[in-house]
Amino acid sequence: MKTVAVLGGGPAGAFAAERLATAGLKTILFDEKLAWEKPCGGGLTYKAYHEYPFLVDNDTPKKFVSETTLSAPRAGAVRMQLEHPLVIYSRMDLNRMLLKRAENSGAAIEQTRVMGIERRGKGWNLRTRCGTAEADFCIIATGARNPLREVGTEWGAKDTMTALGYYVPSTQDHIDIQFLPGLEGYIWVFPRCGHLSVGICGKGEPAHALRTRLEAYMTERDISYKEGKFYSHMLPSLETPGWRSNRVSGEGWLAVGDAGGLVDPITGEGLYYAMRSGDLASRVVIDDAHGIAEKAAAYRAVLAREFALDLEFAATLAKRVFLGSFLCSSVPARMVQYIRSSPRFRALMQDLFAGTQPYGELKSRLLRNLNGTLQEALMSFFLNRVIPENSRAVL
Ligand SMILES: Cc1cc2nc3c(=O)[nH]c(=O)nc-3n(C[C@H](O)[C@H](O)[C@H](O)COP(=O)(O)OP(=O)(O)OC[C@H]3O[C@@H](n4cnc5c(N)ncnc54)[C@H](O)[C@@H]3O)c2cc1C
């Protein structure tokens, strides 16, 4: 293979380009904006920096946050210590760092918009704002708003979430997660260096309604959205049929990150999957054991093995997590109550925050611990409500 074109320089494209160039392939990355403040919380889980330690071992500004508050209607709020901190970047800083690493590895970086791509024999012709280019292979990393219709995920209306919010010049030392009645989604407050990213994501609800919900929350919490900078974007959130028909590869191309729909449909985590898919795609491209025609199938297989099947399973749970009920109360309210009262359930939630709890094993872990969790919850209820505080000391 002579030349690989990487279309898009977000985390997925930049990391793929770094890996390809490090392996000695001629790599050209095209991005219309290069480093920019892409609408995002900017939170990286332990799973991401455990896999790629350079994400914490660097001089780029970032915030380590070890405490979170989860709140749900009728359950109040609960504080939870995270076993592994969430690392929060401004996207401008994260993108700049990843692009610099790609460039230092030998990738050529071109700031231009790719207008279209066409098959030329066994390779590609690229039309960009600055002229034309040729490539033998394409990595599609153009994000959730991929404008290249012939490559990358084809999603229906149900396969995306709206996500919007404000960057607010303020500080706090913990993360807030707020569940809302009737919303398949949630509000987050992520502290970054020098500002907060306060946002809401939701499925099946128009953007203006989400914005109203968010502004009401911010007003109640005394976070001024009037001083903030508004952002909004689309978040892939594939439903089960979407995962089954997901178009992540074809002859001469592989799609990575949001352009391949590779986002956790429950939490909205996409940064890890963007980088991981960029890494896996580059390995498939580099591997001479696969001919060009075989690379599409090899990539699909490795994605499924690594995380796509688990995310497909997560899609079957998403509605129940946000909108379901358990023992006559909403699931989010039960989550808050059990975090408060059950160490076993708290440990499970800490693993979910760290990204180390596969969804496919969630049910068996919950069932294994159900007796213990309920016992702990009942014991806590009994201690708090039935036995008065002052008499407990005497027992
Ligand atoms: C509001 C919001 C909050 C989020 N919060 C989190 C979070 O806290 N943690 C987390 O893990 N994930 C989060 N995500 C998801 C995360 O932002 C994405 O999954 C991630 O950015 C995907 O990376 P990517 O490289 O695939 O795409 P992108 O980051 O979108 O990068 C795509 C790049 O392609 C370029 N591009 C597009 N079209 C062209 C073209 N035609 N020619 C040239 N260049 C082009 C763009 O300029 C862009 O730089 C959030 C998403 C949203 C919307």
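Residues numbered from 1 in each chain as written. Predicted model: local features only at pLDDT ≥ 70, side-chain atom pairs only at ≥ 80, totals over all residues. Heavy atoms only, no water.

Moving on: the overall build of the protein. Along the protein, the regular secondary structure elements total 11 helices and 19 strands. Here the C-alpha atoms of the protein give a radius of gyration of 22 Å, agreeing with the 21 Å that 2.2 N^0.38 yields for 395 residues. Buried residues in the protein amount to 56% of all 395 residues. Accessible area of the protein: about 17800 Å², with a carbon and sulfur share of 53%. The protein carries 48 positive and 42 negative side-chain charges, and their two centres are separated by 3 Å. (Helix = DSSP H or I, 4+ residues; strand = E, 2+ residues; numbered from the N terminus. Rg over C-alpha atoms; globule rule 2.2 N^0.38 Å. Buried < 20%, exposed > 50% of the residue type's maximum accessible area, 1.4 Å probe, protein only. Areas by Shrake-Rupley, 256 points an atom, 1.4 Å probe, with all protein chains shown as cover. Lys, Arg positive; Asp, Glu negative; His and termini not counted. Charge placed at Lys NZ, Arg CZ, Asp CG, Glu CD.)

In this section: the site of the ligand. Around the ligand sit 38 residues in total, of which D31, G41, R91, V114 and D258 are the nearest. In this structure, G42 approaches the ligand through a main-chain N or O atom, which is 3.2 Å from an oxygen atom. In the complex, 96% of the free accessible area of the ligand, which totals 1000 Å², lies under the protein chains. Of all the secondary structure elements, the ones that give two or more residues to the shell around the ligand are α1 (11-22), β2 (26-31), β13 (184-191), β15 (229-236) and α6 (271-286). For the shell around the ligand, the element with the highest residue contribution is β15, accounting for 4 residues. Across the shell around the ligand, the residue classes tally to 18 nonpolar, 13 polar and 7 charged. (Near = heavy atom within 4 Å. Polar contact = N/O pair within 3.5 Å; in protein donor to acceptor, adjacent residues only side chain to side chain. Nonpolar A, V, L, I, M, F, W, Y, C, P; charged D, E, K, R; others polar.)

So, on to the side chain of E18. Along the chain, the position of E18 falls in helix α1. For E18, a relative accessible area of 7% corresponds to the buried category. In this structure, E18 is in contact with R101, A102 and S105, ignoring residues within four places of it in sequence. (Contact = heavy atoms within 4.5 Å.)

This part takes up the packing of aromatic side chains. Counting across every chain of the model gives 13 aromatic pairs. Centre to centre, the rings of F15 and Y52 are 4.8 Å apart; their planes meet at 75°, and the pair counts as edge-to-face. Here F15 is found in helix α1, whereas its partner Y52 is found in the loop between α2 (46-51) and β4 (63-72), with 37 residues between them in sequence. A network of ring pairs unites the aromatic residues F179, Y186, W188, F190 and F322 as a single cluster. Sitting above the plane of the F54 ring, R101 keeps its charged end 3.5 Å from the centroid. Note that R119 overlies the ring of W124, its terminal NZ or CZ placed 4.9 Å from the centroid. (Phe/Tyr/Trp six-rings, centres within 6.5 Å; stacked < 30°, edge-to-face > 60°. Lys NZ or Arg CZ within 6 Å of the ring centre and 35° of its normal.)

In this model, the protein carries an average pLDDT of 92, and 93% of its residues clear a pLDDT of 70 or more. Of the regions scoring below 50 in pLDDT, residues 385-395 engages in 6 contacts with residues more than four places distant in sequence or in other chains. (pLDDT = per-residue confidence, 0-100.)

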